[in-house]
Amino acid sequence: MSNRKDVILEIRNLTKTFPGVIANKDVDLDIERGEVHTLLGENGAGKSTLMKAIYGIYGMDSGTVKYNGNPLDAKSPKDAIAVGLGMIHQHFLLVQEFTVLENIIMGLKADKGIHLDLGKHRSRVEEIVERFEIRLDLDEKVKNLSVGMQQKVEIVKVLYRNAKFLILDEPTSVLTPQESQGLFGIIERLKKEGATVIFISHKLDEVLQISDRITVLRDGEVIETVVNKDLRKDDLSAMMVGREVTLDVDMPEVELGPDGLELDKISLVNPGGKTVLKDVSFSIRKGEILGIAGIDGNGQEELAQVLWGTLKASGGSIKLHGSTVDDLSTRKRMDMGMAYIPADRKKEGLVGTFQVSENIVLNSYYKPHFIKGLGQDFGAIREYSERLVQEYNVKTPALSVWAKNLSGGNQQKLILSRAIEGNNDVFIIAQPTWGLDIGAIEFVYRKISELKEAGKTILLISTDLEEVRSLSDRMCVIFEGEVSETFRVQDKQVAEIGLLMAGGKRREE
Amino acid sequence: MKKKIISLLLVAMFLVSLVGCAGAEEPAEEPAVEENVEEPAVEPIKVGVIFTGSIGDGAWNESGYNALVKAKEDLGIEFSFQESVPVAESGEVMRNFAYEGYDLIIAHDFNYNDIVSEVAPEFPDVLFTVSYGYQSTEDNIAAITSSGWHASYMAGVLAAAVSETEIVGVLSATDSFMGKRMRTGFVNGAKSVNPDIEVLEAFTGSWDDVVKGKELVNGMIQQGIDVILSNSGNVNFGVIETAKEAGIMAIGAPSDLSSVAPDTVIASAVTPSGIYVDYGIRQLAEDNFDGGVYVLGIKEGAEDLIWNPAFEAEFSAEVIDTVNAAKLQLSNGEIEEPVVE
Amino acid sequence: MSSFDSSLSRRILRMRILVTGLAVVVAFLLGSALVALAGINPLTALRYLFSGALGTRHGIGETLTRFIPLFLATLSFAIAMKVHFYNVGIEGQIALGSLGALLVGVYVTGLPAPIHILLCLTASVVFGILWLSVAGFLRFRFGANELLTTVMLNYIAIYLIDILVETVLKDPNSLINQSQKIAATAKLPRIMEGTTVHLGLVFAAIVGFIVYYYVWRTPGGFELRAVGANSKAAKYAGINPAKLIIIGMIISGGLAGLGGGLNLLGYQSRWVSGTFLGYGFDGIGAAVMGQYHPLGMAFSALLFAIIRVGGGAMQRSVGVPYPLVHALQGIVIIAVIISAYFIEKRTEKMTKGGQ
Ligand SMILES: Nc1ncnc2c1ncn2[C@@H]1O[C@H](COP(=O)(O)OP(=O)(O)OP(=O)(O)O)[C@@H](O)[C@H]1O
Ligand SMILES: [Mg+2]
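Asks: What exactly am I supposed to notice about the overall build of chain A here?
Replies: A count of helices and strands for chain A gives 18 helices and 23 strands. Radius of gyration (C-alpha) of chain A: 24 Å, near the 23 Å computed for a compact globule of 509 residues. Taken over the C-alpha atoms alone, chain A extends approximately 70 × 55 × 50 Å along its principal axes. The proportion of buried residues among the 509 residues of chain A is 54%.

Laid out in C-alpha cells, this is it:
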C-alpha cells in the first residue's frame, strides 16, 4: 500500500486562528500526485482558510507544508505559483473589458523590455487550450462570457503559469449542471496529464463523481479521509454533519389565500435598448410557492430587481396584496411586507465592512424598536442579532466582526435570517442555497416550508432545477426574458422542462 | 482601487505644492537673531518686520529686507521677520513680536495699516511703522509714505525735454486717487518744461491686463506721442514692447526697467521701498521717533528718476540739466503738490 | 464574545494611533533635516515651534483660534468622504461661508447679538452648501468629476470674494481693498482673556460631537455609512444612494461654510482682499491624519494649528524660511497619507478571514 503512495503535498500540524476562532486546528493532510482530492465540510469548517494558508494568502500560526518534498512556506501567492500551485477563487479576478487572451497573459513578465510578444503567447495559449480540450474564443471580451466560460479563462490562466497542482474552491456553485460537467471533463484531462487537484464543493453528487479521495473537515479539524469507493451521499453527509441528512422536503398542504403577488405583462428594456424581460405575467397566492427555473442570465436577476423596485419596468404592472406598487420605492415595498434574498450576497446582500449585527438590521435599522431617542438602540439591535445568529446558526466569533469575514455559507445564512425574521409576507428568494452545506440547505428548506405553512407568498428563483421542483407548488421556466406558462411541478417531466430551459419551445414555433 | 488613486492624487497635489514652495525659496539668509559675542554697551534695538510676501520677490519685499540687513550693519540693530503674513492674520504676528520684546515693529505694506491701528494701542511701549501707510491713530504709529508724484513729475520733465512731437503719454493701472496723483504729477512736470505740450492720460483698470495696455498705448501712438510713462504693474511690459515696436521712448516705473528694453526705456521713475524700513529705524536710533504720517519724497530718497546709462550719455547736457534742476526744486519743496479732484 | 470585540478593536485602534504617530515623528525628522540643511539647529527650531504655539497664553489662544476653522474643514472633508464625494473644494466653501457671514454681519443691523450671530452663521452654512452644490450639480447632471470642479471652484470663490470686496463691498472709509467690519452684535465673544479665542471653539466642539453622533449613532448615519461602504447593497436595503450622497454633500458644504463663518465672526471681522486662508487645504491633510474620526481629527487639526502658529515663531526666532515651514506641513501630510495606506492594509489583515 505504502509503495504506491506518492505524496505531492504534505500538511502537518497546520493551525490557523483568527481573532476569536480556530479556523484550522492541527490539520494533517497528504495529497497524492495525480489525484482529485475533495475537501468536504460544513460552512465555516475551515476549507477555504486551509487552502488560503497553503497558498500564501494568510500566514499560518504553526505547522509545516511540504510540496514535492520541499518545504513550502508561501508568504504570498507568488511563492505558491512559483512552485506550480494555482488557485481558482469563487470570485473571478478578470478584467471585464479585456479579451480572453489579454486576461490570460496579464501580469506576466515581459519577454524583452516592456514588450509582450503577443503572437508567441497566443500560440502557446492555443496549445494549452487544445491539449485540455477547452473551448474558448481567445479574442472575445470577458464581459461577454457566461460565468462558466469565465471560469475556464481562470483555469487556462492558471495552467498557462505552469500549474501542476490546482485548487478549486467551490468552482461549481454558480455553474449550471452542464457547465459543471464541462468542468469535470477538463479536470479529467488534467488528471491524465498528471496534474493534482484539490476540489471543494457542497454538491455531493459532484463530489462522488469526480473525487478519488475525500477528506472531511469539521470545526477546523480533519475528521477522516476516505477513498471514493462504494460511497453514497448519505455517507458523506453523515461524515460531515454527524447525522443523516435528507433533502426530501415534505411540503405542507396549505389552504391557498388570495393573490399575494401579481405580475401583469412586465417588460424591461435595458439602457442598451435590449429587451431583457418580455410580458412576464403570473400571480402567486398566499401560501403558495412559485418557482422559476432557468439558466443563469436569462432575466432572473432583472425580474427580481423590478419586483424589488431597484429597477424600473418599462411596462406592465405589479400588485402586492392587490394594490399596485409600480411607483413605490423599495423602502415602501419593504414596509408593505416584501422581502428579497438576492443571489449575489457579497455585492447585493451585505455591506462587507459593516459588522454582523449591522448587516442583520440592514433592512430594519430604522424601525421604531431599534430607535431610542434620536439615535439607534444598540442594546435592542444586539439582542435581536444575538437571537438570529443563534437561531440560524450563523457561525461568527462576535457580532462586531465584519460580514465579509464570515465564511460564504454563513453570509448566506445571515441574509436569510434577516429576511425571514422581518415579519414579511411576500418573499422573493433567489438562489437560496448557493454555497450552503447540506445541513444548511436542509435548514433553509425547512424555513421555506415554514413560511409556506404560515401562508406567505413565495417566489423562488433558482438555477437548480431539482431545488425548484422539490420546493414549488407551481413553476415556470424563464428563457431570454420570457416566462413559460406556469404548470404544476408534477405535470411535466424533467426532460421536458430541460428543453424549455434551453429555449426548446421557441425553436419549435 | 479608487481610494488608492485618490490618495495618490492627493500626494501628487501636495508634492506639487511643495515644489511650488521650493521654487519660491529665497536666497538663504542667516539666522536673524544671533547671540552677540561682545557685550554691547546698550541693548541693541530689536526690530520685527512683517512682509506680505517672500523676501526673495525681487521687488518691494526684497528691497525692504535689504534695507534691514544694511541697518544691521550700519546701526547695529537686531532684527527678525515673518514672511507671507496675510493681512487677516497680521495682528497676531504683531502681538507676538510685541510679547517677544521687540522695540519697533515694521508692517511693510500699507494694507497692514488698519491692523496696526488696532494693535498699537495694546502696546504703548512698542513703536510701529507702516510702510507706505496712510494713517496714524496713535502716538506710537508712524505711517511712512511717499509723495506719490515726485518721481512721475521728474518723468514728466524728462518726457517734455526729449519729446519732439510735443505730445507725451502717461498710463496708470487704476483711476484711484493715487493713480490720478501720479498722472497729474507727470502732467505738471511736463508742462513746467513746455507749457504747450499735450499730455495724453489713460488707465487700464488692472495691473495685469497687458492687452488693454497695449491697445491704449497704440491709440496714443496714433495720436503722435513719442514718450510714454507707464506705471501699471505687469502691464508695463506690454507697454514697453509696444513702444519698442513703434520706436518711441518709454519711462518705466516703479522700479528700474531699463534692462527690459535697453533701447527703448530711457529712464525709470522709481520708488525704492527700503527707505520705509530704514526711516523708522533711523528715527528710533536717533531717539526722535514720533507718531504721525511722514510723507517722503525725492529729498529722502523715497523717489527718484534713474537713468538708463546709455541714454544718459546720449542726451544733451540741456536735458540732463533740466531734469536735475527739477530734482533740486522738488527737494527744496518749491513745487506745488498736484491737485487731484 | 464581547471580550473578543473590544480586544480586537482596541488592538486595531492602538495600531492606528501608533502608525499615525510614527508617521508624524518621521515627518518631523525629515522636516528637521531640511531645517538643518538651511543651517539652523533643528532642535532649537522645534523648541520654538512648540513654545510659540503652546508656550504662552497668547500662543495657545492663537493656536485654538486657528483650530476652529481647521477642525470644521476636517469634519467637512470626512463626511463627504463617507459617501465617496471627494470634496477638495473646502477652501472655496470656507470663503463663501465667510462671505455669507460678512454680508449679514455688516448689512443687517439692529438685531440682538445672539440672533444676529445665528443669522450670520445660518448664512455662512447656506453659502457653503450652495457653493458645493455647484460641483454637485455638475457631477449629477454632467458626470463631472468633483475632484476637478471643486478645485476650480476654490479659485473662483476666492477671486469672487476679492472682487466683491474691491467693489461693492469695499469699505468706503478705507484706503485699502477691504470690506467693512461686521456689526458689534455679530461678533462672537472672546472666551479667553487676552487672547483671540472666541465662542466659535465651543460651537466647533458641539458640532464635532453632533457629527460623531449623527454618523455613528443614528439611522441617518447608518444609511450614510452603508451607502459609502456598499452602495449597491444599501440600495437593495431600500436606501436611496443618490439621496444620501446629496445629504453628505450638503452637510459637508455646510460644515465648511460654518468654519468660514465662525472664523469671520470670531476672528477676522472683515474680509481683506487677497486673503488666502488655506484652512480648506490643510483640513484635507488633517482629516486623513485623523482617520476621518472626529476625535482623531480634533487631534490632527490641533497639530496643524500648532504648526501654523509655531511656524511663525520658528521664523521670527531662528529665521527658518517660510517655505520650509510650509514644507514641513506638506511632509506631515504626505507621511500621514502614506501611513493611512499602511493602516488600511494592516486593518484588513487583522480582520480578514475566509470565504
Ligand atoms: N477574520 C475572521 N474573523 C473571525 N472569524 C473568521 C475570520 N475569517 C474566517 N473566520 C472564520 O473561520 C472559519 C472558517 O472559515 P472558512 O471560510 O475557511 O470556511 P469554509 O469551510 O470555507 O466555509 P464555506 O463552506 O461556508 O465557504 C469560519 O467560522 C469563519 O467564520
Ligand atoms: Mg469557503
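What follows continues from the structure just given.
Asks: Teacher, can you tell me more about the interface of chain A and chain C here?
Replies: The extent of an interface is frequently quoted as the accessible surface area lost upon association of the parts. Contact residues are listed per partner, giving 51 residues for chain A and 30 residues for chain C. Between chain A and chain C, a total of about 3400 Å² is buried, with carbon and sulfur atoms accounting for 57% of that surface. For the pair chain A and chain C, the number of links is three salt bridges. Across the salt bridge formed by A:E348 and C:K232, the nearest N and O atoms sit 3.5 Å from each other. Summed over the shared surface of chain A and chain C, the number is 11 residue pairs in polar contact (both at pLDDT 80 or more). Looking at the side of chain A that touches chain C element by element, the count peaks at four residues for helix α11 (residues 345-349) of chain A. Partitioning the side of chain A that touches chain C into residue classes produces 24 nonpolar, 18 polar and nine charged.

Asks: Looking at this model, I keep getting lost on the domain arrangement of chain A. Mind explaining?
Replies: Residues and elements named next belong to chain A. What the domain assignment lists for chain A is domain 1 (7-241), domain 2 (258-337 + 425-436 + 444-509) and domain 3 (348-423). Put simply, the middle of domain 2 and the middle of domain 3, counted by C-alpha atoms, are 27 Å apart. Between domain 2 and domain 3, the contact holds 15 residues from the first and 14 residues from the second. Here domain 2 packs against domain 3, burying approximately 1100 Å² in sum over the two surfaces, 57% of which is carbon and sulfur. The interface formed by domain 2 and domain 3 holds zero salt bridges in total. Counting the contacts that link domain 2 with domain 3 gives four residue pairs in polar contact (both at pLDDT 80 or more). Looking at the side of domain 2 that touches domain 3, the elements with two or more residues in it are α10 (330-335) and α15 (438-453). Per-class residue counts for the side of domain 2 that touches domain 3 are seven nonpolar, three polar and five charged.

Asks: I tried to follow the nonpolar core on my own but got confused; where do I start?
Replies: Nonpolar side chains in soluble globular proteins generally cluster together in the buried interior. Membership of the largest hydrophobic core comes to 143 residues, with the highest contact counts inside it found for C:L72, C:L265, C:V320 and C:V332. The element that contributes the greatest number of residues to this core is helix α3 (residues 57-82) of chain C, accounting for 12 residues. One finds A:L136, A:V156, A:I187 and A:L303 within the second-largest nonpolar core, a separate group that totals 70 residues.

Asks: For this particular structure, what's the right way to read the side chain of A:K456?
Replies: Residues and elements named next belong to chain A. Note that K456 resides in the loop between α15 and β20 (457-461). Engagement of the side chain of K456 in a polar contact is seen with the backbone oxygen of N424, the distance being 3.1 Å. Discounting residues that sit within four places of it in the chain, K456 has contacts with R285, K286, G287, E288, N424, D425, F427 and L451.

Asks: What exactly am I supposed to notice about the sheet that holds strand β10 (residues 265-270) of chain B here?
Replies: What links the strands of a sheet is backbone hydrogen bonding, and the strands pair in either a parallel or an antiparallel sense. Residues and elements named next belong to chain B. One open sheet accounts for six strands, arranged β7-β6-β8-β9-β10-β12; its pairing is mixed. The strands lining the two open edges of the sheet, one partner per strand, are β7 (198-203) and β12 (304-307). Along the sheet, successive strands turn relative to each other by an average axial angle of 20°, direction set aside. Bridging between strand β6 (residues 167-172) and strand β8 (residues 227-231) involves five bridges; their strand directions are parallel. Paired with V170 across the two strands is L229, which belongs to β8. Running over the sheet, helix α5 (residues 150-162) touches β6, β8, β9 (249-252), β10 and β12 and is turned about 160° from β10. Running over the sheet, helix α8 (residues 235-246) touches β6, β8, β9 and β10 and is turned about 165° from β8.

Asks: Help me out: how do you make sense of the arrangement of the chains in this one?
Replies: Ranked by contact count, the leading pair among the two pairs of chains in contact consists of chains A and C. There is no contact between chain A and chain B; across them, the least C-alpha separation is 13 Å.

Asks: How should α3(C) be read in this particular structure?
Replies: Residue pairs spaced three or four apart in an α-helix point in one direction, given the helix's 3.6 residues per turn. All names here are of chain C. In a regular helix each residue adds 1.5 Å, so 26 residues correspond to 38 Å; α3 covers 37 Å between its end C-alpha atoms and thus fits that length. I68 marks the point of greatest bend in α3, at about 30°, and the proline P69 comes within the next four residues. Of all 26 residues that make up α3, 22 are buried, and the element is covered over most of its length. Among the residues trailing α3, H84 stands out with phi positive, at a value near 60°.

Asks: Sorry, what's going on with the side chain of C:E91 here?
Replies: All names here are of chain C. Topologically, E91 is positioned in helix α4 (residues 90-107). Of the buried charged residues, E91 lacks a salt bridge, with R308 as the closest side chain of opposite charge at 6.3 Å. A distance of 2.7 Å separates the side chain of E91 from the backbone nitrogen of G278, its partner in a polar contact. Side-chain polar atoms of E91 contact the backbone nitrogen of Y279, separated by 3.4 Å. With residues up to four places along the chain from it excluded, the contact list for E91 reads N154, I158, F276, L277, G278, Y279, G280 and F281.

Asks: Explanation requested: the confidence of the model for chain B in the structure shown.
Replies: Atom-level detail of predicted coordinates should not be read off regions where pLDDT is low. Residues and elements named next belong to chain B. Residues of chain B with pLDDT of at least 70 account for 88%, and the chain-wide mean is 87. Every residue in residues 14-38 scores below 50 in pLDDT, and together they form 37 contacts with partners more than four places removed in sequence or on other chains. Note on the complex model: pTM 0.83, ipTM 0.87.

Asks: Honestly, the packing of helix α5 (residues 147-160) of chain A against helix α6 (residues 177-192) of chain A in this entry has me stumped. Any pointers?
Replies: Each packed pair of helices is defined by two parameters, the angle between the axes and the distance between the axes. Residue and element names in this part refer to chain A. Remark: α5 packs on α6, axes separated minimally by 10 Å, with the N-to-C direction vectors making an angle of 15°. It follows that α5 is roughly parallel to α6 by the angle criterion. With respect to the hand of their crossing, α5 and α6 are arranged in right-handed fashion. Residue-level contacts link G148, M149, Q151, K152, I155 and L159 of α5 to E179, L183, I186 and L190 of α6. Residues of the contact of α5 with α6, tallied by class, amount to six nonpolar, two polar and two charged.

Asks: I keep staring at the pairing of strand β4 (residues 127-131) of chain B and nothing clicks. Help me out?
Replies: The two faces of a sheet get side chains in turn, since along a regular strand they alternate between them. All names here are of chain B. Within β4, five of the five residues are buried, which leaves the element mostly enclosed by the surrounding structure. With burial as the criterion, each face of β4 is covered, one bearing L127, T129 and S131 and the other bearing F128 and V130. Of the strand pairs in this sheet, strand β3 (residues 104-107) and β4 are connected by four bridges, and their pairing is parallel. Residue pairing for β4: A107 is matched across the bridge by V130. Following the chain from β3 across helix α4 (residues 113-119) to the adjacent parallel β4, one finds a crossover that is right-handed. Taken together, the four bridges between β4 and strand β5 (residues 141-146) define a ladder with parallel strand orientation. Across the sheet, V130 pairs through a bridge with A143, a residue of β5.

Asks: Can you walk me through the sheet that holds strand β3 (residues 36-41) of chain A in this structure?
Replies: All names here are of chain A. Read from one edge of the open sheet, six strands run β6-β7-β8-β3-β9-β10, paired in mixed fashion. Strands at the two margins of the open sheet, each flanked by one partner only, are β6 (85-88) and β10 (221-227). When strand polarity is set aside, the average angle formed by the axes of neighbouring strands in this sheet is 20°. Sheet topology note: the β3/strand β9 (residues 213-218) ladder contains five bridges and is parallel. The residue bridging G41 from the neighbouring strand is L217, located in β9. The strands touched by α5 within the sheet are β6 and β7 (165-169), with β6 carrying the most contacts at an inclination of about 165°. Contacts between α6 and the sheet are confined to β3, β7 and β8 (196-200), with β8 contributing the most and set at about 150° to the helix.

Thresholds applied
Residues numbered from 1 in each chain as written. Chains lettered and ligands numbered in written order. Predicted model: local features only at pLDDT ≥ 70, side-chain atom pairs only at ≥ 80, totals over all residues. Heavy atoms only, no water. Helix = DSSP H or I, 4+ residues; strand = E, 2+ residues; numbered from the N terminus. Rg over C-alpha atoms; globule rule 2.2 N^0.38 Å. Buried < 20%, exposed > 50% of the residue type's maximum accessible area, 1.4 Å probe, protein only. Contact = heavy atoms within 4.5 Å. Buried area = accessible area lost by both parts, 1.4 Å probe. Salt bridge = Lys/Arg side-chain N within 4 Å of Asp/Glu carboxyl O. Polar contact = N/O pair within 3.5 Å; in protein donor to acceptor, adjacent residues only side chain to side chain. Nonpolar A, V, L, I, M, F, W, Y, C, P; charged D, E, K, R; others polar. Domains from an automatic or database assignment. Core = buried A, V, L, I, M, F, W, Y, C linked by side-chain atoms within 4.5 Å. Pairing = 2+ DSSP bridges. Axes fitted to C-alpha atoms, helices over the stretch in contact; angles between N-to-C directions. Expected span 1.5 Å × (residues − 1). Bend = angle between axes of the 7 residues up to and from the residue. Lys, Arg positive; Asp, Glu negative; His and termini not counted. pLDDT = per-residue confidence, 0-100. Parallel < 35°, antiparallel > 145°, perpendicular 65-115°, else oblique. Left-handed = near helix turned anticlockwise from the far one by under 90°. Right-handed = clockwise from strand over helix to strand, strands pointing away.

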